[in-house]
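# Chain and residue survey
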Amino acid sequence: SQQGEEDPQALSIQEGENATMNCSYKTSINNLQWYRQNSGRGLVHLILIRSNEREKHSGRLRVTLDTSKKSSSLLITASRAADTASYFCATGRLGGGGAQKLVFGQGTRLTINP
Amino acid sequence: GAVVSQHPSRVICKSGTSVKIECRSLDFQATTMFWYRQFPKQSLMLMATSNEGSKATYEQGVEKDKFLINHASLTLSTLTVTSAHPEDSSFYICSARVQRGDEKLFFGSGTQLSVL
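Procedures and definitions
Residues numbered from 1 in each chain as written. Chains lettered and ligands numbered in written order. Predicted model: local features only at pLDDT ≥ 70, side-chain atom pairs only at ≥ 80, totals over all residues. Heavy atoms only, no water. Pairing = 2+ DSSP bridges. Helix = DSSP H or I, 4+ residues; strand = E, 2+ residues; numbered from the N terminus. Axes fitted to C-alpha atoms, helices over the stretch in contact; angles between N-to-C directions. Contact = heavy atoms within 4.5 Å. Buried < 20%, exposed > 50% of the residue type's maximum accessible area, 1.4 Å probe, protein only. Phe/Tyr/Trp six-rings, centres within 6.5 Å; stacked < 30°, edge-to-face > 60°.

## Observations concerning the sheet that holds strand E3 (residues 19-24) of chain A
All names here are of chain A. Reading across the sheet, the five strands line up as E1-E3-E8-E7-E6 and stay open at both edges, with antiparallel pairing between neighbours. Each edge of the open sheet carries a strand with a single partner, namely strand E1 (5-7) and strand E6 (55-58). The sheet shows a mean angle of 15° between the axes of neighbouring strands, direction not considered. The sheet contact formed by E3 and strand E8 (residues 71-76) spans six bridges and is antiparallel.

Right, here's the structure in full:
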């Protein structure tokens, strides 16, 4: 079963507005990551936040992590049409052979309207 | 950045045939690769962890005889869908870490499998 649950499932906003997506998880984590997926393509890593961090920035991206609430949010500021994609949070677990595996949330489909 | 190449990007096959999907790390050696499956508008489901030189570790509910994984070299992992059926139609994506202990993954561009 998937670790994370994201909301909203779909978000449509106007270009220039800010987009906020949320992710909740159930178990303890070492880190939480956000990925982006364009339709029919692979995923691209956006940002990683560790369990001892509360906030992290990368360009127009801002990620927060609240381990007490087991939740994270991804904020994209000054959105652009090119930001249209699906966004997934992912948390790490130990998998087969001792390798850490990532378990992905359900994703938020973001549409930026020009 | 690290590049993971996945081929083919799209394949259509008849029911009962087998399909092989390749995943290559182009500029790094990947001791571990991961295979995911994704249904339309849904999340990625981890199928198996592919370890170079050893057997793959499959997630619960994934049939290892159905989805054969071979990781024969440090730059290549293959997923073979054997005796494919229409319910196997899906988007399959591979991923890899650049170094053991790295936490982020680099993904291939995915393979859309359609079984008629």
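## A look at the environment of Phe104 of chain A
Locating Phe104 of chain A in the fold gives a position in strand E10 (residues 100-104). Each C-alpha atom of the pair Phe104 of chain A and Arg80 of chain A lies 25 Å from the other, and the pair is 24 residues apart in sequence.

## Quick notes on the side chain of Ser86 of chain A
Mapping Ser86 of chain A onto the fold places it in strand E9 (residues 85-94). With sequence-adjacent residues up to four places away left out, Ser86 of chain A is seen in contact with Tyr35, Arg36, Gln37, Thr108 and Arg109 of chain A.

## Concerning the pairing of E3 of chain A
Residues and elements named next belong to chain A. The alternating pattern of E3 places Ala19, Met21 and Cys23 on a buried face and Thr20, Asn22 and Ser24 on a face that is not buried. Bridging between E1 and E3 involves three bridges; their strand directions are antiparallel. Counted as the bridge partner of Asp7 is Asn22 from E3.

## Some points on the packing of aromatic side chains
If you walk through the whole model with that rule in mind, you get seven aromatic pairs over all chains. For the ring pair Tyr35 of chain A and Phe107 of chain B, a centre distance of 5.6 Å and an interplane angle of 80° mean the geometry is edge-to-face. Linking Tyr35 of chain A in strand E4 (residues 31-37) with Phe107 of chain B in strand E10 (residues 106-107), this pair reaches from one chain into another. Both residues of the pair, Tyr35 of chain A and Phe107 of chain B, count as buried.

## Here we look at the sheet that holds strand E7 (residues 67-73) of chain B
Within a beta sheet, neighbouring strands are joined by backbone hydrogen bonds and run either parallel or antiparallel to one another. All names here are of chain B. Taken together, four strands build an open sheet; the order of strands is E1-E3-E8-E7 and the sheet is antiparallel. The open sheet is flanked by strand E1 (4-7) and E7, the only strands paired with a single partner. Each neighbouring strand pair of the sheet contributes to a mean axis angle of 15°, computed without reference to strand direction. Relative to strand E8 (residues 76-81), E7 is paired through five bridges, and the arrangement is antiparallel. The residue of E8 that forms the bridge with Phe67 is Val81.

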